[in-house]
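Overview (structure and organization)
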Amino acid sequence: DFSKAMSQAGTSQFQEVIRQELEYSMKVELDKILATAHSNELEPTKKDLEGFKKLFHRFLQEKGPSVDWGKIQRPPEDSIQPYEKIKARGLPDNIASVLNKLVVVKLNGGLGTSMGCKGPKSLIGVRNENTFLDLTVQQIEHLNKSYNTDVPLVLMNSFNTDDDTKKILQKYSHSHVKIYTFNQSRYPRINKETLLPIAKDVSYSGENTECWYPPGHGDIYASFYNSGLLDNLIGEGKEYIFVSNIDNLGATVDLYILNHLMNPPNGKRCEFVMEVTNKTRADVKGGTLTQYENKLRLVEIAQVPKAHVDEFKSVSKFKIFNTNNLWIALSAIKRLQEKNAIDMEIIVNPKTLDGGLNVIQLETAVGAAIKSFENSLGINVPRSRFLPVKTTSDLLLVMSNLYSLNAGSLTMSEKREFPTVPLVKLGSSFTKVQDYLRRFESIPDMLELDHLTVSGDVTFGKNVSLKGTVIIIANHGDRIDIPAGAVLENKIVSGNLRILDH
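Residues numbered from 1 in each chain as written. Predicted model: local features only at pLDDT ≥ 70, side-chain atom pairs only at ≥ 80, totals over all residues. Heavy atoms only, no water.

**Some words on the sheet that holds strand 15 (residues 347-352)**
Stated precisely, the cut-off is as follows: Two strands are said to pair when DSSP picks up at least two bridges between them. Helix and strand labels come from DSSP, where a helix needs a run of H or I of at least four residues and a strand needs a run of E of at least two; each type is numbered from the N terminus. Working rule for contacts: check all heavy atoms of both residues, and any pair within 4.5 Å makes them a contact. Here the axes come from fitting lines to C-alpha atoms, over the contacting stretch only for helices, and the angles between their N-to-C directions go from 0 to 180 degrees.
Sheet architecture is open: three strands sit in the order 8-16-15, paired in antiparallel fashion. The sheet is open, and its two edges are formed by strand 8 (190-191) and strand 15, each paired on a single side. Two strands pair when backbone bridges link them, and strand 8 and strand 16 (residues 358-363) are joined in this way by two bridges, in the antiparallel orientation. Bridge pairing links Ile190 to Ile360 in strand 16. Its contacts with the sheet put helix 2 (residues 39-61) on strand 8, strand 15 and strand 16, and the angle it makes with strand 16 is roughly 105 degrees.

**Here we look at unusual backbone geometry**
Phi at Glu293 takes a positive value of approximately 50 degrees, unusual for a residue other than glycine. In this fold, Glu293 is placed in the loop between strand 12 (288-292) and strand 13 (295-299). Unlike most non-glycine residues, Ala407 shows phi in positive territory, near 50 degrees. One can find Ala407 in the loop between strand 18 (403-406) and strand 19 (409-412).

**Some details on the sheet that holds strand 17 (residues 376-380)**
Ordered in space as 1-17-11-14-10-2-5-6, the eight strands form an open sheet in which the pairing is mixed. With partners counted over all chains shown, the strands left at the sheet margins are strand 1 (80-82) and strand 6 (179-183), one partner each. Averaged over all neighbouring strand pairs, the angle between strand axes comes to 25 degrees, with direction disregarded. Two elements, strand 11 (residues 272-278) and strand 17, share five bridges in a ladder whose sense is parallel.

**Quick look at the UniProt feature "binding site: substrate" (unreviewed entry) in the protein**
As a reminder of what qualifies: UniProt positions are given in the numbering used here, feature names are shortened, and annotations may be inferred rather than shown by experiment. Identification of polar contacts relies on pairs of N or O atoms within 3.5 Å, with a donor-acceptor requirement for protein atoms, meaning one able to donate a hydrogen and the other able to accept it, and with residues adjacent in sequence counted only if both atoms are side-chain atoms.
Under the feature "binding site: substrate" (unreviewed entry), the UniProt entry names His217. Examined against the element boundaries, His217 turns out to sit in the loop between strand 9 (212-213) and helix 7 (220-226). Once you skip the residues sitting within four places of it in the chain, His217 turns out to touch Leu107, Met156, Asn245, Asn324, Thr364, Ala365 and Val366. Within the structure, His217 has its side chain in polar contact with the side chain of Asn324 (distance 3.4 Å).

Have a look at this one:
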């Protein structure tokens, strides 16, 4: 036992030496990069690289999955409230007074590349020529006009989206919404083998674009604070931010949740509220809220030990997942940021660059900070508050007659008999937005659709109606054109356009 203990001690000492060497090498490389910065970019670059160094230090310290599965418990009953209970409290007479304490923050760092688009994802047309950003501005403008309030919109951009977004913002200069932006950090990607940055200087254009990345939305706390905007908003009397992904069209300002935050029934305010919703089979990988060491904690699939992944995905054991709609107290962000007390698990995201080089990027997620805040709460909201558009399959749903658009908000059509959304799977010929749009002369009537699968070279004529389960599969080399005015109800259409009953 003694020799075993000695060899273990030796191993851990050896690992410590390696860690120190890696940190030293990293510092040398980062100093070289910083030395290439012009005077106007010196300060922001320095802040970014300092933040990265902290993250890298933690990455070298941590081992294996970050949760001890044995400590995970179901959250206590009252720590996740049903939305109906929050709504039943009604609204105060003076809604304007609570709305004037609110700031809406949208996470706007992502590009539309996964849908074949260049530039920020928020500028993709979603409905009647309106982009994600248009709809967001319309929603807040409608609130401000209806209640005579001043709810501002804040966009967290990344270095990938900042220039294009700022150009577009000029068109809202006459809207009834103050719009602010700040940038999330810019961190260097590191070579998977050497664990050193692949960037040689600070530039991030041309061939250097692949050397840098925005480090996930968990970066919001530090960059919001560093930008000075957090202090300015506190100075204006703002108390809460409502944060959500700009591509989640269900994430509108909810007055009932806001009232619950501002006027808590027990007099004790929550610093952090996470909207969760019930899992379906499509959401088994979504992060879930658990009780861990007497705190509410978000557990993501990447943190789960391999032996327990199936258990984590079980809809019966973990019934809810995080929508990433979050309500957070500004004063709490400031306090925790100043104490350096926001603790978020590191997500190691491996990527292969165009030239074949394997790199890793270290990221964090905004919801993971829930355990650092006091008096956190989950609210189990209706599924309608989670309407993300990640693919053209999602885009087809929100463009269809399943939804009606009013003042920037989408609501499920009253003509649909079931409150659930149909399951839509469009094949690879539809992945890019421009290909997808070319294949539909008009968006089909989908009010009575349960399930749609389309694969291969398929086009849809005008005024097609889809009902029940419809499966359309064009074999390799074949093409299927669904004629204008066709009604497909429980049909399988294959290879040579034989239409079969399903």
